[in-house]
Each structure stands twice: as structure tokens, then as C-alpha cells.
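Next come the chains, spelled out residue by residue.
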Amino acid sequence: MDELKGFPYPFKEDIYRYSNNSTLLGQPNCIELTSNYRKEIHLKRNLLIKHPERCYQSLPHTIPSQWEAMSLITNHLITYFPEKFSLVKDGNNWTFRNYPLNEEYCFTFGDNKSLAMEPLDFIGRHVQEDIIIMMQRDGDLYLDAGQLCFPANWSLAFNLGMNFKEIHQPIPGFKEEGLDNRILQFLLRLEDGAPWGRKNWSLMAGSRLDTSLETFDAWGKDRRKVTFENAGELVRLRVEVQKLFRLPRSGSILFTIHTHLLPLEKFVLNEEWLVQFTRILEELPPHITDYKGLALYKNTVLDYLRARLKEKGIK
Ligand code: HEM
């Protein structure tokens, strides 16, 4: 039941369209910890070892931003989870402790040689979030560094160095409706101390977090396995909690993505969610259905949801 309570339900209305659905964060922490912490950190670290190019990319000029991002994340860890993390600073000599993993690291802040890896790569191995740095220059934002282990069907290596509009180019209607420009202008104005957050959603067949574009062949075919009988167990609502923080010294933006999965059989236990999500899926336009990769099994999922509604006596 806790899984259900803590799940970041992404919808506000009965109709879903692409929009700037960002809101100011009530609590300005870029990191959230769930009961899957150890499992997901273990998975992340394994992926980083086995597929370093897929999971970590950076351009050399991002190093100062990386230290700044690392400092912000560390600060949030010790502020919001003081029983799990600690940081002792003696000038630039920092000692960071991760108690759940029983790990201790001593390094000199700002000195690349004092860490075994780049600062963004280091701190990413202590949080469930994927973390991206968008560098701001010439009135634009560029994806110049990131640690990405749990992508929803995109490739960090492919997108490295792209600007905001290029990254969002595959989304149908995004450019035509002027959304890409509006969101970019909003992001360029993002202020230090006033972080924003949004939720993105999709459905997926299976329980993989690492659904990268590079491994599509391995997980994409599970969509064909969805049936009315197994939809509740096999299909998951996938929600990304995304947060945006201005890094004041470098002027770049830290973008964190926390991915949550909830099997439909648990999701439908919340009656309001069941009713609203059924309406959303019924009405979802083909361009969004296709882009999200739902075309193959959306109707099967709808049959499953309608059967649950019928059981509850709701039309
Ligand atoms: C600034 C950091 C951001 C990065 C690095 C980023 C990156 C991405 C990427 C890689 C995709 C997948 C594109 C593909 O199909 O290849 C995507 C999709 C998308 N992004 Fe962003 N994004 C950012 C911020 C935002 C913001 C602030 C918004 C809206 C307010 C937004 C809205 C969307 C939407 C609506 C999609 C389509 C998602 C779907 O239908 O599943 N993005 N983004």
C-alpha cells in the first residue's frame, strides 16, 4: 500500500496534452529517496561499469558546473536525510559519508584528481535520480554532461551537445505549437533559489528501469506480450519526477529525473486514478499515443481498466 501512497500521480485533468506543466517546488530538494534505494543504486553502479558510454557522458568545459552540482546534491542529501548522509568540511577537504551503503569518501573540493571519477559521475552513484547538466550560453541551453542509467527510450550519447530544441525535436507538435520555444524561454529565466518540477508519464510493458534507446531490441518487444489477462501485472505506469535547479556560479541548470514504476494492478486500487486515467487513455490523441509507444497495447490496457471499473460498479 505504501508503494501506492508514495507514487507521484502525474495527472491533474481528464485530458492530457503536452504543455509546460512545471510548477514551483514546495520543498527545494533535488533528491528523493525511496524504499528501492539500495536496489536501484546497485543497478545503477552495475550499468555504469558495464555500459559506461551509454550511462555517462560529459564535455570537458562542464567540470566547474559538475562540482557545483555535486555540492548542491550533497548539501540536499545532508539537509533532507541527515540520518543517512553526512559531510564534514575542513576548508576544501571534504569527508562524505553514505550510511546506508556504509561508505566514506575523502576528497578536495574542486580538485579533479582527488576523486576517482568526475564529480557528477561520483554523486550520481549515491542517488536514484539520473542527473543532467544543461549549460547556458548564447541564449540557449546545451546538454553537455549527464549520468543517465534509467532513460525512457532516449540516448545520452546521441543527445550530448544538443541544444534544448534539438533534444525535443522528436516530439510531435512540440515545435509546431511553439512549445519548444516557450519552454526554452522559461528555462533561460530560471532563478537560483526558485527551483521548478514537473512530471512526465508513459506506460511500459515490463519492469526495466534501463530502457535506453540503445537496448530497445531487448525491451521493446515486451509490448507484444501484453494481454487482457496479464496487463495488470505486466504493464506499468512510468512516471518521471523531473526537477530544475539553477546553479548560480556557472549559470547552468541541473536537471534531475527520478523514475517511478507502478504495476497497473496496484494503480487501479486507487479508484480516482483508475477513473481519470481511463478517461485520459480513451481520449489520448494518436500522435501522443504513437510517440509514447502505446499504439500496440493501448486498447488492451483500456479493456483491462474498463473491466476493473465494471467490477467496482463504475461505468
Ligand atoms: C532542461 C532539461 C531537459 C532535458 C535534458 C530534457 C530531455 C528530454 C528528452 C531526451 C526527451 C525525449 C526526446 C526523444 O524522444 O528523443 C524529452 C521529452 C519530453 N520533454 Fe524534455 N527535457 C528537459 C526539460 C523539459 C521541460 C522543462 C519540459 C516541459 C515543461 C519538457 C517536456 C518534455 C515532453 C512533454 C517530452 C515528451 C515526453 C513524452 O511524451 O513521454 N522537457 N525531454
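For the structure, see preceding data.
First, a word on what this report is: a plain description of the structure on this page.

Thoughts on the overall build of the protein chain
Okay, step 1: The helix and strand tally for the protein chain stands at 14 helices and ten strands.
Okay, step 2: At 20 Å, the protein chain has a C-alpha radius of gyration in line with the 20 Å of a compact globule built from 315 residues.
Okay, step 3: Expressed as lengths along the three principal axes of its C-alpha atoms, the size of the protein chain is roughly 65 × 45 × 40 Å.
Okay, step 4: For the protein chain, contacts bridging at least 24 residues in sequence account for 71% of all contacts bridging at least 6.
Okay, step 5: Element-wise, carbon and sulfur atoms account for 51% of the exposed surface of the protein chain, whose accessible area totals about 15,100 Å².
Okay, step 6: With 40 positive and 41 negative side-chain charges, the protein chain shows a spacing of 3 Å between the two charge centroids.

Quick notes on the coordination of the iron atom of the ligand
Okay, step 1: Within the protein, a single donor atom binds the iron atom of the ligand, namely His-168 (NE2) at 2.1 Å.
Okay, step 2: Inspection of the secondary structure assignment puts His-168 in the loop between α7 (164-167) and α8 (179-188).

A few points about the environment of Leu-281
Okay, step 1: By the secondary structure assignment, Leu-281 is in helix α12 (residues 271-283).
Okay, step 2: Residue Leu-281 is classed as buried on the basis of its relative accessible area of 0%.
Okay, step 3: Setting aside residues up to four positions removed in sequence, Leu-281 forms contacts with Trp-201, Leu-203, Leu-294, Lys-298, Val-301, Leu-302 and Leu-305.

So, the site of the ligand
Okay, step 1: Around the ligand there are 21 residues in total, and Tyr-18, Asn-20, His-168, Tyr-291 and Lys-292 lie nearest to it.
Okay, step 2: Take Asn-200: an N or O atom from its side chain is 3.3 Å from an oxygen atom of the ligand.
Okay, step 3: In this structure, Tyr-291 approaches the ligand through a side-chain N or O atom, which is 2.4 Å from an oxygen atom.
Okay, step 4: Secondary-structure elements contributing two or more residues to the shell around the ligand are α7, α8 and β8 (196-205).

Observations regarding the sheet that holds strand β4 (residues 93-98)
Okay, step 1: Across the sheet, three strands lie side by side as β3-β4-β5; this open sheet has antiparallel pairing. Each edge of the open sheet is held by one strand with a lone partner, namely β3 (85-90) and β5 (103-108). If you compare each strand with its neighbour and ignore which way they point, the axes differ by 15 degrees on average.
Okay, step 2: Here β3 runs beside β4; their pairing, made up of six bridges, is antiparallel. In the strand pairing of β4, Leu-87 is matched with Phe-96.
Okay, step 3: Against the sheet, helix α4 (residues 63-80) engages β3, β4 and β5, with an angle of about 125 degrees to β3.

Looking at unusual backbone geometry
Okay, step 1: Residues other than glycine seldom take positive phi values, yet Asn-102 does so here, at roughly 55 degrees.
Okay, step 2: Along the chain, Asn-102 falls in the loop between β4 and β5.
Okay, step 3: For Asn-102, a relative accessible area of 71% corresponds to the exposed category.
Okay, step 4: Residues other than glycine seldom take positive phi values, yet Asn-153 does so here, at roughly 65 degrees.
Okay, step 5: Summarising the element assignment, Asn-153 is placed in the loop between β7 (140-147) and α6 (156-159).

Digging into the environment of Glu-32
Okay, step 1: Among the structural elements, Glu-32 can be located in the loop between β1 (23-24) and α2 (37-50).
Okay, step 2: Glu-32 sits 95 residues away from Val-127 along the chain, and the two C-alpha atoms are 8.0 Å apart.
Okay, step 3: Leave out the neighbours within four places in its chain, and Glu-32 touches Phe-81, Gln-128, Glu-129, Val-241, Lys-243, His-258 and His-260.
Okay, step 4: Side-chain polar atoms of Glu-32 contact the side chain of Lys-243, separated by 2.7 Å.

A closer look at the environment of Arg-236
Okay, step 1: Its location among the elements puts Arg-236 in strand β9 (residues 235-246).
Okay, step 2: Residue classification places Arg-236 among the buried residues on the basis of a relative accessible area of 15%.
Okay, step 3: The spacing of Arg-236 and Ser-155 is 81 residues in sequence and 21 Å in space, taken between C-alpha atoms.
Okay, step 4: With residues up to four places along the chain from it excluded, the contact list for Arg-236 reads Ser-202, Leu-203, Met-204, Gly-206, Ser-207, Leu-261, Leu-262, Pro-263 and Leu-264.
Okay, step 5: Of note is the side chain of Arg-236, whose polar atom sits 3.0 Å from the backbone oxygen of Glu-233.

A short note on the sheet that holds strand β6 (residues 130-137)
Okay, step 1: Strand order in the open sheet formed by seven strands is β1-β8-β9-β10-β6-β7-β2, and the pairing between neighbours is antiparallel. Sheet topology places β1 and β2 (56-58) at the edges, where each strand pairs with a single neighbour.
Okay, step 2: Taken together, the seven bridges between β6 and β7 define a ladder with antiparallel strand orientation. By the bridge assignment for β7, Met-135 is matched with Tyr-142.
Okay, step 3: Its contacts with the sheet place α4 against β2, β6, β7, β9 and β10 (253-263), and it is angled at close to 135 degrees to β6.

The rules we used
- The numbers attached to residues start from 1 for each chain and follow its sequence in the written order.
- Given that this is a predicted model, residues contribute local features only at a pLDDT of at least 70 and side-chain atom pairs are listed and counted only at 80 or more, while totals for whole chains, interfaces and linings are drawn from all residues.
- Note that the side-chain values use all heavy atoms of the structure and ignore hydrogens as well as water.
- By definition, any uninterrupted DSSP run of H or I lasting at least four residues is a helix, any uninterrupted run of E lasting at least two residues is a strand, and each is numbered from the N terminus.
- For the radius of gyration, the atom set is restricted to C-alpha positions; the globular benchmark scales as 2.2 Å times the number of residues to the power 0.38.
- Whether two residues are in contact is decided by their heavy atoms: any pair within 4.5 Å suffices.
- Only the protein chains shown count as cover for residues, and all accessible areas are computed by the Shrake-Rupley method using a 1.4 Å probe.
- Positive charge is attributed to Lys and Arg, negative charge to Asp and Glu, and no charge count is given to His or to the chain ends.
- Charge positions come from single atoms, namely NZ of Lys, CZ of Arg, CG of Asp or CD of Glu.
- Only nitrogen, oxygen and sulfur atoms count as donors, using a 2.8 Å cut-off from the metal that widens to 3.2 Å for Na, K and Ca. Water is left out, so coordination shells may look unfilled.
- Buried, partly exposed and exposed residues are distinguished by accessible area as a fraction of the type maximum, computed with a 1.4 Å probe on protein chains only: under 20%, between the cut-offs, and over 50%, respectively.
- One heavy atom suffices: a residue is near a molecule or strand as soon as one of its heavy atoms comes within 4 Å of it.
- Under the rule applied, a polar contact is a pair of N or O atoms within 3.5 Å (in protein, one hydrogen donor and one hydrogen acceptor; residues adjacent in sequence only if both atoms are side-chain atoms).
- Here the rule is simple: two strands pair whenever DSSP picks up at least two bridges between them.
- Only the stretch in contact is used when fitting a helix axis, every axis being a line fitted to C-alpha atoms; angles between N-to-C directions are given from 0 to 180 degrees.

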